[in-house]
Amino acid sequence: MFLTGPAGCGKTTLAEAWVRHQIRHGQPWTLLDKDLVGGLHGQRLLELLGADPNDRDSPLFKKEVRHLDYGATLQLAAAQLALGGSVILPGPWTQELVEGLLADPVRIGLPPVPSVVAWLSISDATRRQRIIDRGHPLDAWKLAHWKFYSKGSRNGEPPPCRGPAPDVIAAELPLAAQMEALARLVEARRRGDVPPAPAARHGGQLARTGGWGLPPLQPADRQRL
């Protein structure tokens, strides 16, 4: 499962809640956050390049470091999938999404397993406030260069894709509703259902609430809300 979307939309929060929930119910998933996978080597490379070690958004980072972060994350994902596990990969994945690679895992070095590609949609104003509120060092560059960073963001809409559009989940929905939407997508892929026609505005499925029979979320699922 590729959980994509802009910074501040809640990718990591949702991914962590999903993994905790699945493990409690006998379905082990592995969370592979590219910021954690590449955190140490990325910082050191940026220092050697004379740049801000917390930079994750500048043109220099995208040219020299990004491919290492994403490549290492995909290698770990491939190893887990080969062992028969499931993985969730929160991150922007914008380049891969635009190129249509996420819906065809083999093209990015993963085993031929069903792939769920979800985009968390959120308005620019809401996500900027979330970024400010969380106070993460990796967000300093984003906030300092917000006009440049948010240029062409489409106010939360996914980018135009050369391949299948991602399924869209509204990030302002309660966490339980987002979890239900993910469960629906996973079940559909496991059944081999053909994805529905893209929605006119978002280009994919929209989340719906209720009806999926998930056990109630536990307090641990809400730790990061």
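Look above for the structure.
What comes next is a walk through the structure. Bear in mind that the values here come from a model prediction, so they are computed numbers and not experimental data.

### Some thoughts on the overall build of the protein chain
Moving on, step 1. The number of helices and strands found in the protein chain is 10 helices and 5 strands.
Moving on, step 2. Split into buried and exposed, the 225 residues of the protein chain put 46% on the buried side.
Moving on, step 3. Contacts in the protein chain between residues far apart in sequence, at least 24 positions, make up 72% of those at least 6 positions apart.

### Brief notes about the pairing of strand β4 (residues 117-121)
Moving on, step 1. Along β4, 5 of the 5 residues are buried, which leaves the element largely enclosed by surrounding structure.
Moving on, step 2. Residues Val117, Trp119 and Ser121 point to one face of β4 and Ala118 and Leu120 to the other, with burial holding for every one of them.
Moving on, step 3. Bridge count for strand β1 (residues 2-4) against β4 is 3 bridges, and the pairing is parallel. Its bridge partner being in β4, Thr4 is matched across the sheet by Trp119.

### Notes on unusual backbone geometry
When glycine is set aside, most residues are seen to have a negative phi, and most peptide bonds are trans.
Moving on, step 1. For Trp93, which is not glycine, the phi torsion reads 50° and is therefore positive.
Moving on, step 2. Mapping Trp93 onto the fold places it in the loop between β3 (86-90) and α6 (94-98).
Moving on, step 3. A relative accessible area of 0% places Trp93 in the buried class.

### Points about the nonpolar core
Moving on, step 1. Counting 23 residues, the largest nonpolar core has Met1, Leu3, Trp18, Ile88 and Leu182 as the members making the most contacts within it.
Moving on, step 2. Examining the composition of this core, we find that 7 residues originate from one element, helix α10 (residues 175-191), more than from any other.
Moving on, step 3. When near neighbours in sequence (up to four residues on either side) are disregarded, Ile88 contacts Met1, Leu3, Ala15, Trp18, Val19, Trp29, Thr30, Leu31 and Leu32.
Moving on, step 4. Formed by 18 residues, the second largest nonpolar core is a distinct cluster that contains Phe2, Leu89, Trp93 and Leu101.

About the thresholds
Residues numbered from 1 in each chain as written. Predicted model: local features only at pLDDT ≥ 70, side-chain atom pairs only at ≥ 80, totals over all residues. Heavy atoms only, no water. Helix = DSSP H or I, 4+ residues; strand = E, 2+ residues; numbered from the N terminus. Buried < 20%, exposed > 50% of the residue type's maximum accessible area, 1.4 Å probe, protein only. Contact = heavy atoms within 4.5 Å. Pairing = 2+ DSSP bridges. Core = buried A, V, L, I, M, F, W, Y, C linked by side-chain atoms within 4.5 Å.

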